[in-house]
Amino acid sequence: MNTLGFLEDEIKTLKQENRFIQPRVLQSAQGPVAMIDGKKVVNLTSNNYLCLANHPKVKAAAIKATEQFGIGTAAVRTIIGTTSLHEELETKLAEFKGTEASLVIQSGFTSNVAVCQSLMTSPEDVLISDELNHASIIDGGRLSKAKKKVYRHNDMAHLKEILEQPEVRAARRKMLVTDGVFSMDGDIALLPEIVELCKKYDVVSMVDDAHASGVLGPQGRGTVAHYNLKGHVDIQIGTLSKAFATIGGYAAGSLNLKQYMQSVARPFLFSSSHPPAVIASCIAGLDVIYNEPELIQKLWDNTKFFKEELKKAGFDTGHSQTPITPVMVGDSKKAHALSQMLFNEGVFALSIVFPTVPLGKERLRTIVTAGHEIKDLEFAVAAFKKCGKELGII
Ligand SMILES: *Cc1c(COP(=O)(O)O)cnc(C)c1O
């Protein structure tokens, strides 16, 4: 008997469609140069924007919290999984985001699911979403009871058209969700226009700032601060898994939002709390963000340098405005080949193919960090040039 026999066929299909994934293995700390699959490579793949993953002050805070509070709480937040560290982090994240309160949730993914599911509870509700929003927003929509409306990426005319539809106008509750920084293209949501439309049409606004927190705006406070829109966005989602380099997410907004969510949000209620070391790392990480502004400065200097060099070499780097820089290839096989050839040259950049991105938009996604030295980036660009020419991409 082979009841799971169908998996063999599924895997065969994945391989045929170039969608089979075999993760590479990290054998060192996450860093700008890292040991991966037995090879020391310039690492252009992690979201460790500020190099907090291996920062001495952050590691010290994790060790101290472990000594004081132990390795875990063995409880969900609402039973006895909320430590004084959790409370301290929530207060500090609210201050970071310029909101009244915040609620730490298991991950960025579950934060989106938790908010969409908790607020959109009736088929008379409408959830409006940018077509390039993160998978967790899509799944949040699926778990909500709302009708879904998807507008073309950053297309304000299309958004307005949707807001004018009679069934949208008649909805009980309306909520618009957008990534702050789009995770595959690195462009930024048109938040001022979105906020204006949300106000005009009485729509709850929600921004997922996973790739913007610690990166964009003054002190890395995110998209809302970048556009000087403090107080004008209802819900800000953040992740602790990217620039903060640990694991977790949060929803920042009003105290009512926090209190409601912590009473009803299913992922929050039914999955246990973060270990003290994780929470203490985030508190320490926030201190580093405030006290070492040179990290964010270097991140953006590196971003500018790397983008310019890739463009000079003739690569199409899309519409990115942030440290996420796509290198467009336009074909799955070629994208995988480029990634493999670069790896052989000592550079790791991941290929992203359909269905994560549309057909014809296959690419390598690169992310520079504050830890890369100019020589690392020059080395990477030289490898890109060599391999790009061999594959006829440039
Ligand atoms: C990465 C990402 C998430 C998920 O965050 P995790 O903390 O890793 O679960 C959510 N939204 C966006 C836009 C992301 O890029």
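Coordinates for the structure precede this section.
Residues numbered from 1 in each chain as written. Predicted model: local features only at pLDDT ≥ 70, side-chain atom pairs only at ≥ 80, totals over all residues. Heavy atoms only, no water.

Caption draft 1: Quick look at the pattern of salt bridges. This model, assessed by the stated rule, comprises 20 salt bridges. Between Lys 92 and Glu 88 there is a salt bridge; the shortest N-O distance is 2.9 Å. Of this pair, Lys 92 and Glu 88 both sit in helix α4 (residues 84-97), separated by 4 residues, roughly a single helical turn. Judged by its relative accessible area of 30%, Lys 92 falls in the partly exposed class. The class for Glu 88 is partly exposed, based on a relative accessible area of 31%. For Glu 308, the salt bridge identified is with Lys 304, shortest N-O distance 3.9 Å. A residue pair is termed a helical-turn pair when its members lie 3 or 4 positions apart in one helix, as Glu 308 and Lys 304 do in helix α14 (residues 294-312) at 4 residues. (Salt bridge = Lys/Arg side-chain N within 4 Å of Asp/Glu carboxyl O. Helix = DSSP H or I, 4+ residues; strand = E, 2+ residues; numbered from the N terminus. Buried < 20%, exposed > 50% of the residue type's maximum accessible area, 1.4 Å probe, protein only.)

Caption draft 2: Quick peek at the state of the cysteines. Under the defined criterion, the tally for this structure stands at 0 disulfides. Free cysteine Cys 51: the closest other cysteine sulfur is in Cys 282, separated by 16 Å. Cys 116 takes part in no disulfide bond, and the closest cysteine sulfur, belonging to Cys 198, lies 13 Å away. A relative accessible area of 0% places Cys 116 in the buried class. (Disulfide = S-S within 2.5 Å.)

Caption draft 3: How the structure looks around the site of the ligand. Not every one of the 15 residues close to the ligand is listed here, only the nearest: Gly 108, Asp 208, Thr 239, Ser 241 and Lys 242. Contact between the ligand and Lys 242: an oxygen atom at 2.6 Å from a side-chain N or O atom of the residue. When the ligand is considered free in solution it has 390 Å² of accessible area, and contact with the protein chains removes 86% of it. In terms of residue count, helix α5 (residues 108-119) provides more of the shell around the ligand than any other element does, 3 residues in total. Among the residues making up the shell around the ligand, the classes are represented as 2 nonpolar, 10 polar and 3 charged. (Near = heavy atom within 4 Å. Polar contact = N/O pair within 3.5 Å; in protein donor to acceptor, adjacent residues only side chain to side chain. Areas by Shrake-Rupley, 256 points an atom, 1.4 Å probe, with all protein chains shown as cover. Nonpolar A, V, L, I, M, F, W, Y, C, P; charged D, E, K, R; others polar.)

Caption draft 4: Layout of the sheet that holds strand β12 (residues 350-352). Strand order across the open sheet formed by 3 strands is β10-β13-β12, with antiparallel pairing between neighbours. The open sheet is flanked by β10 (324-328) and β12, the only strands paired with a single partner. Within this sheet the neighbouring strands show an average axis-to-axis angle of 35 degrees, counted without direction. With 5 bridges joining them, β10 and strand β13 (residues 363-367) adopt antiparallel strand pairing. (Pairing = 2+ DSSP bridges. Axes fitted to C-alpha atoms, helices over the stretch in contact; angles between N-to-C directions.)

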